Amino acid sequence: MTSDNVERIEAIRDPAERLRAATEGIAQAQRDLVELGRIRKSLIDELRQQGMSFSEIGEMAGLTRGRIHQILQAGPPTESRFFGHSPITVALPLRYLPGRPEEPVISSEDERAYEMLAGFLADLAFEVKRFLIPVGEPWSAPTASTVAICGPKSSATIAEAIARDPVFAFEPDPEDRWVIRHRLTSEVYVSPIDTGARTRTRDIAYVGRITTRKQRLLIIAGVHSLGSVGAVHYIQHNLHDLYRQAGLKDFSMVVASHHKGTQVVESSALCPPTLH
């Protein structure tokens with residue numbers, strides 16, 4: 001918190017309002033401290049990869065060699081920057097049940113994907129906010145860092161974002177199946193659920209970071225909702241490699257997953273991350 005903010009809060013005449021402002025200011029300062037630590041740690045990692053010693057980095061930062069080493073050992077890992085900075089919004093689509101348009105709901109698979117991702121983000125020291133995507137309406141991310149667990153069929157805003165992807169298209173095929181198509185090779189990725197499989201145990205998902213004119217979104221979109229659960233599982237178990245491959249840049253990829261009940265048995269990159 002800057003000295004200007006402290007003086008502003010001290011100048012508030014109403015005690016209750018001053019207390020609320022001080023409490024909010026402390027919470028914001030704590031968030032800023034975590035995010036600045038995340039940035040500092042990533043920079044130390046970067047300098048180490050360039051061949052600098054702990055002593056050289058310490059001299060640059062005005063810290064001891066031992067303190068630099070402590071910084072690398074503490075706090076959330078550098079790859080957590082893949083998601084952006086706090087607070088992070090996780091957006092879920094509302095859907096109408098057949099015959100019940102007055103009661104939009106969230107699918108059980110989307111709820112499961114949300115719980116997995118929100119817990120993972122909390123473990124990485126992020127503040128998580130939940131946002132429900134309205135049915136049939138455009139929407140904007142309420143925070144700068146937003147993850148949308150939503151496909152183009154459920155949101156025109158997501159469809160417009162993925163349409164800007166230079167690598168993959170996510171659209172219906174001539175058989176009216178939603179598929180992921182590689183724009184450059186014309187290879188088509190079809191969910192096993194749509195190929196006559198007897199059980200709904202395997203699915204695929206689009207994962208990508210897209211920058212539009214209005215916002216930047218990290219999109220997790222299963223061809224079916226089950227695929228979104230598998231994609232979150234993949235991110236949880238491969239964040240280090242994802243950050244190494246994509247960093248903070250726009251990218252897209254295809255993830256495949258195998259499920260048993262509510263558990264993900266296996267997830268893998270069907271098509272690895274490609275930078276835009």
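Located above this text is the structure these notes cover.
Residues numbered from 1 in each chain as written. Predicted model: local features only at pLDDT ≥ 70, side-chain atom pairs only at ≥ 80, totals over all residues. Heavy atoms only, no water.

**Thoughts on the side chain of T78**
Thinking step 1. With respect to the element layout, T78 can be found in the loop between α4 (65-73) and β1 (88-93).
Thinking step 2. Accessibility expressed as a relative area gives 9% for T78, which makes it buried.
Thinking step 3. Only 2.3 Å separates the side chain of T78 from the side chain of D45, close enough to count as a polar contact.
Thinking step 4. Setting aside its immediate chain neighbours within four residues, T78 contacts K41, S42, D45 and Y243. (Helix = DSSP H or I, 4+ residues; strand = E, 2+ residues; numbered from the N terminus. Buried < 20%, exposed > 50% of the residue type's maximum accessible area, 1.4 Å probe, protein only. Polar contact = N/O pair within 3.5 Å; in protein donor to acceptor, adjacent residues only side chain to side chain. Contact = heavy atoms within 4.5 Å.)

**Points about the packing of aromatic side chains**
Thinking step 1. This structure, assessed with the given rule, holds 8 aromatic pairs.
Thinking step 2. Centre to centre, the rings of F83 and F126 are 6.3 Å apart; their planes meet at 75°, and the pair counts as edge-to-face. Pair noted here: F83 is in the loop between α4 and β1 and F126 is in the loop between α5 (108-123) and β4 (128-133), with a separation of 43 residues, a long-range link.
Thinking step 3. F126 gets classed as buried once you look at its relative accessible area, which sits at 6%.
Thinking step 4. Counting every residue linked through ring pairs, the aromatic cluster contains F82, F83, F120, F126 and F251.
Thinking step 5. Here the basic side chain of R130 rests over the ring of Y114, its NZ or CZ set 4.6 Å away from the ring centre. (Phe/Tyr/Trp six-rings, centres within 6.5 Å; stacked < 30°, edge-to-face > 60°. Lys NZ or Arg CZ within 6 Å of the ring centre and 35° of its normal.)

**Comments concerning the side chain of S228**
Thinking step 1. With respect to the helices and strands, S228 occurs in helix α7 (residues 225-246).
Thinking step 2. You can call S228 buried: its relative accessible area is 3%.
Thinking step 3. A polar side-chain atom of S228 sits 2.9 Å from the main-chain amide nitrogen of G222.
Thinking step 4. Each residue touching S228, except ones within four places of it in the same chain, is listed here: D110, A113, I149, A205, I220, A221 and G222.

**Side note on the layout of surface pockets**
Thinking step 1. Empty space within the largest pocket amounts to approximately 380 Å³.
Thinking step 2. What lines the largest pocket is a set of 22 residues, among which R95, K153, V223, H224 and S225 lie closest to the centre.
Thinking step 3. Every element with two or more residues in the lining of the largest pocket is listed here: α5, β10 (216-222) and α7.
Thinking step 4. If one sorts the elements of the lining of the largest pocket by residue count, α7 sits on top with 3 residues.
Thinking step 5. Grouping the amino acids of the lining of the largest pocket by side-chain chemistry returns 8 nonpolar, 6 polar and 8 charged. (1 Å grid on protein atoms, 1.4 Å probe; cavity = no way out; pocket = protein on both sides within 12 Å on 5 of 7 lines; lining within 4 Å. Points joined across faces, edges and corners; volume = space filled by probe spheres on them. Nonpolar A, V, L, I, M, F, W, Y, C, P; charged D, E, K, R; others polar.)

**Digging into α5**
Thinking step 1. With 16 residues, α5 should cover 22 Å at 1.5 Å per step; its first-to-last C-alpha distance of 23 Å lies within 8% of that length.
Thinking step 2. Taken residue by residue, α5 has D110, A113, Y114, M116, L117, A118, F120 and L121 as its buried positions.
Thinking step 3. Tucked into the core, α5 has its buried residues touching β1, β2 (95-97), β4, β5 (145-149), β10 and α7.
Thinking step 4. Two residues or fewer after α5 comes A125, characterised by a positive phi angle close to 70°. (Expected span 1.5 Å × (residues − 1).)

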